[in-house]
Every structure is written in structure tokens, then in C-alpha cells.
Amino acid sequence: MEEAPSWFTVINENKMMAFGAVWIMNNLAAQLVATGAFEIYVDDNLVFSKLETGRLPTASDIVKNFATVGLHVRTAAQRAALHATETVNNDLLPGADGY
């Protein structure tokens, strides 16, 4: 049987210390998130800032702001309309010739 890694042995022998470390790290992470900062960048372009607007973005905000930096997102309705206008040549589909 293979011997357990040394870090695992330390954690296994000091379960309360390991629990305390995880708890402290979780609290620290929660404090970092609680600053209210939530920003979306595309390259170096700020697309959305919670600090500026005071709220989290909606899906519409994200799509609209992506368009300002040249990224265009199709909605489900736009994709369906595009798909409906495409013509399909059955001769090019696998299995259309009976094989």
C-alpha cells in the first residue's frame, strides 16, 4: 500500500486546525467579495461596473455592453430565425443517399 502524502498526514492528525484554516479562508474570501466591486472587462475595455451603476448587470446589460466593444451576441430568437432561413441540401447530409 502506498504511503499518504505528508500534507495529508498533517491535516489528518490536526483536523481542528485544518477546519479552522478553511473557516478563516472562507471568511476572508467573503470579505473580499463584500467590497461591492463587480466589473466586467473585455481586453482592457470596461464593459460593466457595479461600482458605477450600483447594481449587478442583467443579461440585457451584458449583451448591450458587449456590442459596444465589437462583440455581438445572438439571442435565441435571432438564432432560430437564422436557422429557419438556411437552406439544407439533403445530398450533402451524411446518410441521405441511403448508406
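The structure we're discussing is the one just above.
What comes next concerns the included structure. Because the structure is a prediction, the values reported are computed rather than measured.

What counts, and at which threshold
Residues numbered from 1 in each chain as written. Predicted model: local features only at pLDDT ≥ 70, side-chain atom pairs only at ≥ 80, totals over all residues. Heavy atoms only, no water. Helix = DSSP H or I, 4+ residues; strand = E, 2+ residues; numbered from the N terminus. Buried < 20%, exposed > 50% of the residue type's maximum accessible area, 1.4 Å probe, protein only. Contact = heavy atoms within 4.5 Å. Polar contact = N/O pair within 3.5 Å; in protein donor to acceptor, adjacent residues only side chain to side chain. Pairing = 2+ DSSP bridges. Patch = residues over 30% accessible without salt bridge, like charges linked within 9 Å, V, L, I, M, F, W, Y side chains within 5 Å. Areas by Shrake-Rupley, 256 points an atom, 1.4 Å probe, with all protein chains shown as cover. Salt bridge = Lys/Arg side-chain N within 4 Å of Asp/Glu carboxyl O.

1. Examining unusual backbone geometry
Point 1. A positive phi is found at aspartate 43, a non-glycine position, where the angle reads about 55°.
Point 2. If you trace the backbone, aspartate 43 turns up in the loop between strand 1 (39-42) and strand 2 (45-49).
Point 3. We classify aspartate 43 as exposed; its relative accessible area is 72%.

2. Some words on the environment of tyrosine 41
Point 1. Structurally, the position occupied by tyrosine 41 is in strand 1.
Point 2. Tyrosine 41 sits in the partly exposed class, given a relative accessible area of 47%.
Point 3. Non-local contacts of tyrosine 41, meaning those with residues more than four positions away in its chain, are made with Leu46 and Val47.
Point 4. Within the structure, tyrosine 41 has its side chain in polar contact with the side chain of glutamate 39 (distance 3.5 Å).

3. Thoughts on the pairing of strand 1
Point 1. Going residue by residue along strand 1, you find Ile40 and Val42 tucked away on one face and Glu39 and Tyr41 left uncovered on the opposite face.
Point 2. With antiparallel pairing between neighbouring strands as the criterion, strand 1 and strand 2 make up a hairpin whose turn holds two residues, including aspartate 43 at a positive phi of roughly 55°.

4. With respect to the side chain of asparagine 65
Point 1. Mapped onto the fold, asparagine 65 is located in helix 4 (residues 59-68).
Point 2. Asparagine 65 gets classed as buried once you look at its relative accessible area, which sits at 16%.
Point 3. Here asparagine 65 is in contact with Val47 and Phe48, once residues within four sequence places are set aside.

5. Topic: a nonpolar patch on the surface
Point 1. On the surface, a nonpolar cluster with roughly 530 Å² of combined accessible area is contributed by Met16, Phe19, Trp23 and Ile24.
Point 2. Here methionine 16 lies in helix 2 (residues 15-33).
Point 3. Look at methionine 16 and you get exposed, because its relative accessible area is 66%.

6. Side note on the side chain of serine 49
Point 1. The residue serine 49 is located in strand 2 in this model.
Point 2. Of note is the side chain of serine 49, whose polar atom sits 3.2 Å from the backbone nitrogen of glutamate 52.
Point 3. Those residues in contact with serine 49 that sit more than four places away from it in its chain are Phe38 and Glu39.

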